[in-house]
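Chains, contacts and geometry: an overview
Single-letter residue listing:
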Amino acid sequence: MNKRDFLKSVGGASAMMFLGPQLYAQAQRTAPAVLAEDEAFWGAVRGKFRLAPEYINLENGFYCFQPEEVLEAFIGHVRRVNVMGSRYMRTVQGDDKLRVRTRLAALAGCSPAELVITRNTTEALDTVIQGFDWKPGDEAVMANQDYGAMIDQFKLQARRFGMVNRFIDIPMDPKSDDEVLQVYAAALTPKTRLLMIPHMVNITGHVLPVRAICDMAHARGVQVMVDGAHAFAHLDFRIPDLHCDYYGASLHKWLSTPLGAGILYVKQDRIAGLWPIYGDGSAVDNIVKLNHTGTHPVHTDLGIENAIAFHEAIGGARKQARLRFLQNYWTGKLRGVPKIVMNTPADPARSCAIANVGVAGIAPGDLMKILFEKYKVWTVAIDGAGVHGVRVTPQVYTTTAELDAFVKALKELAA
Ligand SMILES: Cc1ncc(COP(=O)(O)O)c(C=O)c1O
């Protein structure tokens with residue numbers, strides 16, 4: 001048995017343990033599109049989480065709760081590390097972390113030599129942005145709809161090294177991949193060294209044609225860094241298939257790990273070109289040089305393995321199908337209703353769980369407040385970069401009955 005098959009078989013056994021034999025067997029034998037609409041199955045999955053009963057949580061974009069069993073396993077890791085103390089750190093930690101990293105790399109479809117565990121997307125992507133050897137006049141391209149922390153890191157490089165940042169606007173409802181591609185292509189110049197793109201726009205849920213953009217940029221000699229904060233373990237994909245140079249994601253979002261876990265993927269031949277943030281004695285082409293963060297709550301990293309088991313019990317394709325079904329379920333009932341403004345592409349292939357909706361005449365902040373105070377629905381207001389509405393993010397534990405309540409509330413407000 002090769003390493004990948006071995007990890008898969010270990011994963012299969014622990015996956016079954018997490019979901020239980022019956023649910024696991026049902027998930028394995030049912031096609032994603034069919035399972036996506038099976039409320040009984042997803043109701044049973046919901047039972048694996050402890051949810052606040054007093055409101056409907058449609059704000060799973062910030063972070064996603066751990067299933068109870070993952071949480072218990074995490075607490076067990078805290079206890080084990082605490083009992084063993086320095087002996088754990090000196091004699092066990094290294095092997096444990098390598099095993100988790102290897103398992104994560106298998107999920108990402110890349111080599112463990114191209115992936116490190118970070119605290120979050122911010123740390124992962126900022127490591128790349130500050131790791132470039134920027135020269136005055138070098139250019140980077142990004143979107144106004146990108147996440148603020150990364151934009152701030154680019155601005156810092158501009159102040160420090162005299163590099164230049166160029167901004168584009170991502171079309172809200174493109175009719176083709178080419179429409180998006182052309183917007184980015186038009187911003188590249190012979191001085192552009194790095195293009196940052198979101199895999200999924202965090203404020204609208206828009207999924208970009210990442211591979212086509214990477215191929216276009218590479219043909220012009222430009223490297224591409226993908227912000228996958230919302231895409232990893234949400235969309236079903238393998239990082240190398242995107243053809244990007246760098247990829248960062250947060251695992252406490254869609255993988256439902258303990259808070260404070262993320263990944264940084266760097267394509268093997270790009271590792272040597274990055275300066276680390278912290279000093280490290282590893283070889284210049286060894287990715288661990290980018291990950292020297294000192295003593296760290298290792299139990300968070302250990303919990304990743306349990307979260308992967310839960311994720312794999314459902315299966316990436318089935319999870320993606322359910323999440324897309326849930327979004328289309330509620331947006332389908334609201335598109336075209338007078339005064340309802342959808343801020344997410346209409347083409348179902350260009351989004352998944354996340355969508356954004358506004359009501360004409362109600363400011364996003366007020367809409368969020370009314371939805372929570374009057375209707376007990378928790379969302380988040382987005383009011384900038386051309387997007388005005390509330391971001392609505394169901395998760396695997398969201399029911400169609402909850403979405404019906406949300407749709408009813410919005411229809412009342414629009415009327
Ligand atoms: C697109 C995007 N990038 C990066 C981040 C930062 O994630 P984290 O705070 O986990 O580093 C977020 C957070 O929501 C995000 O939406």
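Within every chain, residues take consecutive numbers counted from 1 along the sequence as written. Per-residue local features are limited, in this predicted model, to residues with pLDDT of at least 70; the limit for side-chain atom pairs, both in listing and counting, is 80 or more; totals at the level of whole chains, interfaces and linings are taken over all residues. Only heavy atoms go into the side-chain values, all of them from the structure, while hydrogens and water stay out.

Our next topic: helix α2 (residues 21-29). Within α2 the residues assigned to the buried category are Leu23, Tyr24, Gln26 and Ala27. Down the axis, α2 shows its buried residues gathered within 165 degrees of arc, on one side only. Opposite the buried face of α2, by more than 90 degrees, sit the exposed residues Pro21, Gln22 and Arg29. Note on classification: 1.4 Å probe, protein chains only; a residue is buried when its accessible area is under 20% of the maximum for its type, exposed when over 50%, partly exposed between these limits. Strands here mean DSSP runs of E at least two residues long; helices mean DSSP runs of H or I at least four residues long; both are numbered from the N terminus. By arc we mean the arc of the directions from the helix axis to the C-beta atoms, nothing more.

To count as a disulfide, a pair of cysteine sulfur atoms needs to be within 2.5 Å. Enumeration according to the criterion identifies zero disulfides in this entry. Cys244 takes part in no disulfide bond, and the closest cysteine sulfur to it belongs to Cys214, at a distance of 5.3 Å. Judged by relative accessible area, which is 1%, Cys244 ranks as buried. No disulfide involves Cys352; its sulfur sits 12 Å from that of Cys64, the nearest cysteine.

Let's shift gears to the confidence of the model for the protein chain. Residues with a pLDDT of 70 or more make up 96% of the protein chain, whose mean pLDDT is 95. Mean pLDDT values for the elements of the protein chain range from 56 in helix α1 (residues 3-19) up to 99 in strand β6 (residues 223-227). Scored from 0 to 100, pLDDT reflects the predictor's confidence in each residue. Pairs of residues are marked as contacts when any of their non-hydrogen atoms sit within 4.5 Å. Contacts from residues 6-12, a stretch scored under 50 in pLDDT, to residues over four places away or in other chains number seven contacts.

Here the focus is the sheet that holds strand β12 (residues 380-384). In space, the four strands of this open sheet follow the order β9-β10-β13-β12, with antiparallel pairing throughout. For this open sheet the edge positions go to β9 (340-342) and β12, each flanked by a neighbour on one side alone. Taking each pair of neighbouring strands and ignoring which way they run, the sheet shows an average axis angle of 35 degrees. Pairing between strands is defined by DSSP: at least two bridges between them are needed. Summarising the sheet, strand β10 (residues 355-359) and strand β13 (residues 387-392) pair through three bridges and their orientation is antiparallel. Bridging across to β13, Ala355 finds its partner in Val392. In this analysis an axis means a line fitted to C-alpha atoms, helices contributing only their contacting stretch, and an angle means the value between N-to-C directions, from 0 to 180 degrees. Against the sheet, helix α14 (residues 316-334) contacts β9, β10 and β13, and its axis sits at roughly 25 degrees relative to β10.

Bringing the side chain of Gln93 into the picture now. Mapping Gln93 onto the fold places it in helix α7 (residues 93-108). Excluding its chain neighbours within four sequence positions, the residues that come into contact with Gln93 are Tyr88 and Val298.

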